Amino acid sequence: MADMSLQKTPMPTQEPQIRNHNFNEVALGYTYEMAVGEAKRCLGCKNKPCVSQCPVAIDIPAFIERVAQEDMEGAYQVLNRSTSLPAVCGRVCPQESQCEGKCVRGIKGESVGIGRLERFVADWHREHAADSVKKPVTNGHKVAVIGAGPSGLTCAGDLAKLGYEVTVFEALHLAGGVLSYGIPEFRLPKSIVNHEINGLKELGVTIQCNTVIGKTLTVDELFDMGFEAMFIGSGAGLPRFMNIPGESLKGVYSANEYLTRINLMKAYQEGSSTPIMKAKRVAVVGGGNVAMDAARCAKRMGAEEVYIVYRRSMNELPARHEEVEHAQEEGIIFKTLCNSVEVLGNEQGFVCGMKCVEMTLGEPDESGRRRPVVKENSEFVLEVDAMIMSIGTSPNPLIRNTTPGLETNRHGCIVVRDDSGLTSREKVYAGGDAVTGAATVILAMGAGKSAAKAIDEALCK
Amino acid sequence: MFEILEKTSLNPTVTKIVINAPLIAKKAQPGQFVILRATDKSERIPLTIADEDPAKGVITLIYQIVGAGTMELNSLEQGDQLNDLAGPLGKATETDGLKKVCIVGGGVGCAIAYPIAKKLHQLGCVVHSVVGFRNKELVILEDEFTKVSETMKMMTDDGSHGEKGLVTNALEALINAGNEYDQVIAIGPLIMMKFVCGVTKKYGVKTIVSMNPIMIDGTGMCGGCRLTVGGETKFACVDGPDFDGHLVDFDEAMARGSMYREFEGHAREEACRLYGKEG
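Residues numbered from 1 in each chain as written. Chains lettered and ligands numbered in written order. Predicted model: local features only at pLDDT ≥ 70, side-chain atom pairs only at ≥ 80, totals over all residues. Heavy atoms only, no water.

> Pulling in residues and values, what's your account of the nonpolar core?
A:I60, A:F63, A:V67, A:L117 and A:I455 are the most contacted members of the largest nonpolar core, which has 69 residues in total. A per-element tally of this core places helix α17 (residues 441-459) of chain A first, with 8 residues. A domain split of this core shows at least three residues from each of domain 1 (16-128) and domain 2 (142-237 + 394-459) of chain A. Beyond its immediate chain neighbours, meaning those up to four positions away, A:I60 contacts A:C50, A:V51, A:C54, A:C99 and A:I114. Membership of the second largest hydrophobic core comes to 57 residues, among which are B:F33, B:V104, B:F235 and B:C237. (Core = buried A, V, L, I, M, F, W, Y, C linked by side-chain atoms within 4.5 Å. Buried < 20%, exposed > 50% of the residue type's maximum accessible area, 1.4 Å probe, protein only. Helix = DSSP H or I, 4+ residues; strand = E, 2+ residues; numbered from the N terminus. Domains from an automatic or database assignment. Contact = heavy atoms within 4.5 Å.)

Rendered as structure tokens:
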């Protein structure tokens with residue numbers, strides 16, 4: 001009989017006023033007992049509504065059942081069938097709008113803590129199981145994966161498990177994509193990312209860093225080198241700016257730059273050689289997960305006041321609910337229904353303020369969200385010494401400019417025919433942010449997974 | 001993997017290294033750059049490729065020691081490996097259809113200007129070169145420029161070598177002497193490029209400049225290298241590094257370039273201590 005308590009087992013976390021001064025992980029993870037207890041809340045529904053919402057279709061009731069039976073390795077094996085990166089997904093997936101959003105327990109009370117259980121199982125396996133990854137027998141087919149982010153790593157892992165010889169080409173000096181340069185240590189420890197990547201290497205995946213496809217090599221050259229199919233998971237690309245006056249002042253960052261300096265280049269570590277502004281009052285413009293990450297990083301880098309400036313209301317924030325909650329607990333100030341119209345600078349050319357206007361919500365626009373409208377005579381100045389733009393990205397041009405016949409849409413995103421990720425070029429597949437524009441880790445992983453299946457079907461026919 | 005095969009000091013602050021990098025050597029074109037990290041703790045720094053030899057699989061970099069990153073690079077010797085090297089990045093300098101060009105190089109910028117002068121010369125374009133240095137001790141690549149240039153003007157600030165004066169004086173004199181250039185290509189400190197553009201705008205001569213803003217990934221991800229060109233935001237790493245000099249907002253680029261001056265001072269001191277050299 002299931003445990004019918006209405007609440008999820010709470011996640012132990014670092015105290016907000018302590019964690020907002022360090023980069024250690026915020027959520028500490030369930031204990032063994034907590035995990036077993038929480039697993040017993042699962043009803044094991046026959047129609048599995050949760051699975052229908054999982055982009056990689058993890059058999060959720062099956063893994064949770066094993067946790068309840070204290071068969072942690074068995075639970076891991078269920079996860080491992082569907083996801084190459086369970087420790088990552090358990091931490092960064094927007095579960096409330098996916099699996100947990102459809103959980104029957106959520107109708108009356110709180111859903112089962114599926115994400116927390118996934119994280120527990122992955123962490124338990126990493127800490128307890130002697131990894132006995134067996135390199136599969138090779139099938140002799142070579143596949144190239146472009147970009148070592150969530151979609152590329154997933155695609156590479158799935159193909160390697162099937163015996164493909166996979167080489168992942170990464171432009172940066174470190175694999176992981178957004179998991180390495182974007183998502184901060186306190187939300188996703190880099191040791192976990194490294195562990196997942198090492199697991200892929202043990203499966204036989206080759207990861208070649210410092211190789212910029214579109215520059216060092218082109219897609220066509222990869223075919224000439226004997227790769228029979230390709231998956232492009234090159235990620236989101238260049239940051240957007242608002243095109244308002246003052247955006248070039250010193251102290252205006254894109255979220256990508258700010259997070260890259262902190263995460264990839266380790267500016268948060270004592271004695272790092274990476275320069276970064278230690279601002280006292282920071283405004284982050286935008287309301288997504290990246291904005292939350294940037295704001296929470298700024299706080300940890302020593303800012304006294306950090307604002308999220310977002311033009312719609314709290315209800316429309318695109319960030320995961322948990323990220324917003326954590327940010328609020330840590331003292332991030334939400335200036336919603338507010339938009340920036342000009343960045344102000346001092347005599348030395350550094351940011352000293354931001355001119356804002358208040359907004360109200362009008363009629364819904366084409367995205368279905370209510371359109372923000374400027375309130376008349378509402379101008380005011382927010383005193384800040386740094387500003388971080390987190391309003392999205394536009395796709396990187398390097399691959400589309402050097403791959404003849406690769407169709408892209410008017411935004412520059414790669415066009416795919418269907419869920420397989422097949423592009424307008426034969427044997428060239430694509431997925432993740434390069435196709436969808438900025439989205440989530442799990443959607444990218446889902447795309448990598450579908451493409452791996454399609455590549456296998458195309459090559460082994 | 002990226003072994004330093006040769007290391008030569010060109011003057012007290014400028015060093016030339018030849019690196020084993022077959023894939024980059026095969027693709028590199030004048031005007032393009034690489035991003036490197038000397039050690040696994042170093043910053044990513046962009047350096048323009050000074051020469052490439054696809055047959056030998058090597059590229060040449062010429063750099064001036066200005067901050068912690070270049071100091072760490074300079075601590076490596078022949079036989080050592082760079083931790084990371086990626087490229088060739090950015091767009092190549094456009095040379096198609098040019099019949100007569102004046103190349104203006106300033107200081108270590110001459111290391112980037114020279115391969116362009118050489119390529120234009122090989123393509124049959126008439127090349128005039130104006131190169132400027134602070135003093136005789138800092139002069140680099142004089143013979144190389146002379147070999148590929150029909151006319152060559154050497155300028156030093158103190159007159160210790162060539163003529164005393166600025167590159168803009170020599171350029172203006174060449175234009176006034178009746179030389180009609182299809183294009184001027186100016187590479188050097190921002191302030192030099194700004195003033196060269198001031199001169200050429202007056203005479204209506206199209207001018208290309210090579211920008212080297214602060215950069216992190218260099219592949220079109222971080223947006224740190226943004227510039228305003230013709231009123232639009234451009235990214236030096238993927239849209240450049242070459243831009244129409246008459247459209248570049250140099251004052252803004254100079255301001256942005258000084259963003260980390262204080263930090264860099266500290267980092268340089270640290271690196272000096274680490275490598276036991278004078279700051």
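> I'd like to hear about the sheet that holds strand β13 (residues 207-210) of chain B, residue by residue, with values.
Residue and element names in this part refer to chain B. With respect to topology, 7 strands assemble into an open sheet ordered β11-β10-β9-β8-β12-β13-β16, the strand pairing being mixed. Both edges of this open sheet fall to β11 (163-164) and β16 (242-244), since each of them pairs with a single strand only. Judged from the 7 bridges that link them, strand β8 (residues 100-106) and strand β9 (residues 126-133) form a sheet pairing that is parallel. Counterpart to G105 in the pairing with β9 is V131. This element, helix α6 (residues 190-203), spans β8, β12 (183-187) and β13 of the sheet and lies at about 165 degrees to β12. (Pairing = 2+ DSSP bridges. Axes fitted to C-alpha atoms, helices over the stretch in contact; angles between N-to-C directions.)

> With reference to specific residues and values, describe the domain arrangement of chain A.
Residues and elements named next belong to chain A. By domain assignment, chain A separates into domain 1 (16-128), domain 2 (142-237 + 394-459) and domain 3 (241-391). Placing the centre of domain 1 and that of domain 3 at their C-alpha centroids yields a distance of 31 Å. At the junction of the two partners, domain 1 supplies 15 residues and domain 3 supplies 13 residues. For the domain 1 and domain 3 pair, buried surface summed over both sides reaches about 1100 Å², with 51% attributable to carbon and sulfur atoms. Counting the surface domain 1 buries against domain 3, the share from its top three residues, R19, N20 and F23, is 51%. Summed over the shared surface of domain 1 and domain 3, the result is 2 salt bridges. Two residues, R19 and E329, come together in a salt bridge whose shortest N-O distance is 2.7 Å. (Buried area = accessible area lost by both parts, 1.4 Å probe. Salt bridge = Lys/Arg side-chain N within 4 Å of Asp/Glu carboxyl O.)

> Residue-level account of the packing of aromatic side chains, with values.
Residue and element names in this part refer to chain A. Following the criterion strictly, the structure yields 7 aromatic pairs over all chains and no others. Ring plane angle 75 degrees and centroid distance 6.2 Å describe the contact between Y32 and F120, whose orientation is recorded as edge-to-face. Of this pair, Y32 sits in helix α2 (residues 32-39) while F120 sits in helix α7 (residues 114-128), and the two are 88 residues apart along the sequence. Ring centres of Y253 and Y258 lie 5.3 Å apart, and the angle between their planes is 65 degrees; this geometry places the pair in the edge-to-face category. An identical accessibility class is assigned to Y253 and Y258; each is buried. What links up through ring pairs into an aromatic cluster is the set F23, F186 and Y268. When the ring centre of F227 is taken as reference, the NZ or CZ atom of K142 above it lies at 4.6 Å. Seen from the ring of F186, R300 lies directly overhead, with NZ or CZ sitting 3.7 Å from the centre. (Phe/Tyr/Trp six-rings, centres within 6.5 Å; stacked < 30°, edge-to-face > 60°. Lys NZ or Arg CZ within 6 Å of the ring centre and 35° of its normal.)

> Before we move on, could you go through the side chain of A:S180 and cite the residues and values that matter?
Considering the arrangement of structural elements, one finds A:S180 in helix α9 (residues 178-181). Ignoring any residue separated from it by four or fewer positions in sequence, one finds A:S180 in contact with A:L174, A:A175, A:K190, A:V193, A:N263 and A:L264.

> How would you sum up the sheet that holds strand β1 (residues 142-146) of chain A? Please name residues and give values.
Residues and elements named next belong to chain A. Taken in spatial order, the 5 strands of this open sheet run β3-β2-β1-β4-β16, and their pairing is parallel. Only two strands of the sheet have a single partner each, and these edge strands are β3 (206-208) and β16 (428-430). Recorded for the sheet is a direction-independent mean angle of 20 degrees between the axes of neighbouring strands. Direction of pairing for β1 relative to strand β2 (residues 165-169): parallel, over a ladder of 5 bridges.

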